[in-house]
Amino acid sequence: MAEYEDREIAAALAKLAEQDAAAAEEARTALEWIAGEPGLAFITQERIQGFCWYELPVKWFVDLDEKLQVVAVLAEALDLLQLPRYAAICRSETTREILNAYEVSAAHAKAAFRRAAAASGVTPPDLPEFEWGAVMGLEEASARSSTADFLEVALASGDLVPGRPGWKARQKELVRVHLNVPQPGLLGQTLAQVILTERAETWVNARRSETRRRILASIANRLLQPAELPAAAAADPLPPLHWLLGQLDGGIALTQTGNLSRKFVQESADRFGWDFPRPPRTEDELFDLQQLRHFAQDLGLVRRSGRLLTLTAKGRRLLADPGALWHAVAAGLLGDEHFAVFAGELFLALLLDAASVPDTEINATVAQAVAEEGFRDSRTGRPPDQHDIRWATHETSNLCRALGLLAVGGDWRDRSYGLTSTGQATALAALRARATGPRTIPWS
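Quick summary incoming for the structure in this document. (Residues numbered from 1 in each chain as written. Predicted model: local features only at pLDDT ≥ 70, side-chain atom pairs only at ≥ 80, totals over all residues. Heavy atoms only, no water.)

## Side note on the overall build of the protein
Each helix and strand in the protein was counted, giving 20 helices and six strands. Across its three principal axes, the protein shows a C-alpha extent of roughly 95 × 50 × 50 Å. Put simply, the protein has 444 residues, and 47% of those count as buried. Across the protein, the fraction of contacts at a sequence separation of at least 24, relative to all contacts at a separation of at least 6, is 65%. Counting every atom, the protein has about 22,300 Å² of accessible surface; 52% of that belongs to carbon and sulfur. Treating the 47 positive side-chain charges of the protein as one cloud and the 58 negative ones as another, the clouds have centres 7 Å apart. (Helix = DSSP H or I, 4+ residues; strand = E, 2+ residues; numbered from the N terminus. Buried < 20%, exposed > 50% of the residue type's maximum accessible area, 1.4 Å probe, protein only. Contact = heavy atoms within 4.5 Å. Areas by Shrake-Rupley, 256 points an atom, 1.4 Å probe, with all protein chains shown as cover. Lys, Arg positive; Asp, Glu negative; His and termini not counted. Charge placed at Lys NZ, Arg CZ, Asp CG, Glu CD.)

Have a look at this one:
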């Protein structure tokens, strides 16, 4: 076991040992777990809470009585170190309840830990414009710890009082300030800039494909700043989707099979370029309408209620806020299907600065990246063929066309694609969401 160099900790442990040598040894072990070699300077409220409410019950293989004994002697040591707030956490009813909960259900105990940590005020919350990742790089983890320490200072000074009316808004304001103030130790960069840069670098380099890395690296710096819509499109950047949501505000009848009613489909035919002599019979024949309907459902904007398709509360809110609707669409544009996202990212990146790109060139580039990446079917083990690659790419191109973001040239034998000005802004926003958004698993 390593010996502490921290004289204050050593003195506190020696004083505790005068009364109970075994208790002093338990306190030493706990403090080494919490603080490590840095010693007293590394002991914070967040680390005490994390130890008592998660690490001790999950990572220490001792029974409940021993866990209660550990937090008790740790409290004594913290008292001797003149850290009464931390000692109070160890002795709190919250700590006892959480430790007892782990004996019954780990899932319920971890949920109680998360609630208690959030209520304490030192756990950095997500912001509307920024979410912490469940999986973090070194820079993000360091920035999060720094933010927790900043919140603890606000707690100690009385600037932040959990439970007081408006405290959560104040907490977010403090986090926003801390993340966006230039840091001398970071050469004037902000913590937010460092986090987003780290995430973007991970996004560019996390795959094996050199083709993908080269293409995405060329645009990565542009993704560190929010994309902006063209001024002319700001009032209504997504007319097709906005129209559909407006139609759904009062509900649209569905057939027994769940399709949009024939009457609605036929009334919408001209809007979606139907130019055949007979009217369409089902929404399947108006492919762009079907794309919009299912995309709106995927985003949680609409839901089925009996024989009606109607807006959700989220859909109604975004219908009234075209800018927020655009942000939601951009964030969800690439979906979550692994292979389709891989192809979709490349599709958008290839079109960003090009007036028009032949379909054959797009598919050849995606195919090259797919081969380098080594994709295999999970059931058969075979690599994707040209049909699979086209399908994956069209998941994004078809949706972009339905949303009015894509300019399509040529005919079926010699197709080419470009992005409208709104499409370019949306592509940047969609790729930014992928590059700089929070990570929930090591790579997704």
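Back to the write-up after that little detour.
## Looking at the environment of Q424
Secondary-structure assignment places Q424 in helix 20 (residues 421-436). On a C-alpha basis, the gap between Q424 and Q386 in space is 26 Å, while along the polypeptide they are 38 residues apart. Residue contacts for Q424: discarding those within four places in its chain leaves L352 and L419. Separated by 3.2 Å, the side chain of Q424 and the backbone oxygen of L352 make a polar contact. (Polar contact = N/O pair within 3.5 Å; in protein donor to acceptor, adjacent residues only side chain to side chain.)

## Overview of the packing of aromatic side chains
The tally for this structure, following the rule as stated, stands at 10 aromatic pairs. When the centroid spacing of 5.9 Å and the interplanar angle of 75 degrees are considered together, the rings of F347 and Y417 count as edge-to-face. With F347 in helix 17 (residues 338-351) and Y417 in strand 6 (residues 416-419), this pair connects stretches of sequence that are 70 residues apart. With relative accessibility at 8%, the residue Y417 sits in the buried group. Following the ring pairs from residue to residue traces out a cluster consisting of W33, F51 and W60. In this structure, R47 is placed above the aromatic ring of F42, and the distance from its NZ or CZ to the ring centre is 3.7 Å. The aromatic ring of W203 is capped on one face by R212, whose charged end is 5.6 Å from the ring centroid. (Phe/Tyr/Trp six-rings, centres within 6.5 Å; stacked < 30°, edge-to-face > 60°. Lys NZ or Arg CZ within 6 Å of the ring centre and 35° of its normal.)

## Brief notes about the nonpolar core
Judged by nonpolar contacts, the single largest core of 76 residues is most densely connected at L241, L245, L289, L348 and L403. When residues in this core are grouped by element, the largest group, nine residues, is from helix 17. Contact partners of L245, with chain neighbours within four places excluded, come to A296, L301, V302, L311, L319 and L325. Grouped together as the second largest cluster of nonpolar side chains are 41 residues, A35, V71, V73 and L74 included. (Core = buried A, V, L, I, M, F, W, Y, C linked by side-chain atoms within 4.5 Å.)

## Let's talk about the sheet that holds strand 4 (residues 357-358)
Reading across from one edge, 4-6-5 is the order of the three strands in this open sheet, with antiparallel pairing throughout. The open sheet has two edge strands, strand 4 and strand 5 (406-409), and neither has a second partner. With four bridges joining them, strand 5 and strand 6 adopt antiparallel strand pairing. Note that in strand 6 the partner of V408 across the bridge is Y417. (Pairing = 2+ DSSP bridges.)

## Structural notes on a negative patch on the surface
Where like charges cluster on the molecular surface, the negative patch consists of D298, D336, E337 and E395. Position of D298 among the secondary structure elements: in helix 14 (residues 287-298). (Patch = residues over 30% accessible without salt bridge, like charges linked within 9 Å, V, L, I, M, F, W, Y side chains within 5 Å. Salt bridge = Lys/Arg side-chain N within 4 Å of Asp/Glu carboxyl O.)

## Some thoughts on the sheet that holds strand 3 (residues 308-311)
Strands sit in the order 1-3-2 across an open sheet of three strands; the sheet is antiparallel. On the outer flanks of this sheet lie strand 1 (252-253) and strand 2 (302-305), each paired with one strand and no other. In this structure, strand 1 lies alongside strand 3, joined through two bridges in antiparallel fashion. Across the sheet, residue I252 finds its bridge partner in strand 3, namely L309. Packing against the sheet, helix 12 (residues 239-248) makes contact with strand 1, strand 2 and strand 3, and its axis sits at approximately 115 degrees to strand 3. (Axes fitted to C-alpha atoms, helices over the stretch in contact; angles between N-to-C directions.)

## Brief notes about the state of the cysteines
Tallied over the entire structure, the rule returns zero disulfides. The structure places no disulfide on C90, whose sulfur is separated from the nearest cysteine sulfur, that of C52, by 3.9 Å. Given a relative accessible area of 4%, C90 falls into the buried group. (Disulfide = S-S within 2.5 Å.)

## Section: the pattern of salt bridges
Tallying each qualifying case throughout the model produces 21 salt bridges. Of the charged contacts in the structure, one is a salt bridge between E46 and R144, with a shortest N-O distance of 2.5 Å. Taken as a pair, E46 in helix 3 (residues 45-59) and R144 in helix 8 (residues 138-157) lie far apart in primary sequence, 98 residues in all. Look at R144 and you get buried, because its relative accessible area is 19%. Of the charged contacts in the structure, one is a salt bridge between R222 and D353, with a shortest N-O distance of 2.8 Å. Of this pair, R222 sits in the loop between helix 11 (210-217) and helix 12 while D353 is found in the loop between helix 17 and strand 4, placing the two residues 131 residues apart along the sequence. For D353, a relative accessible area of 59% puts it in the exposed group. Here the salt bridges do not stand alone but share partners, grouping D159, R170 and E173 into one network.

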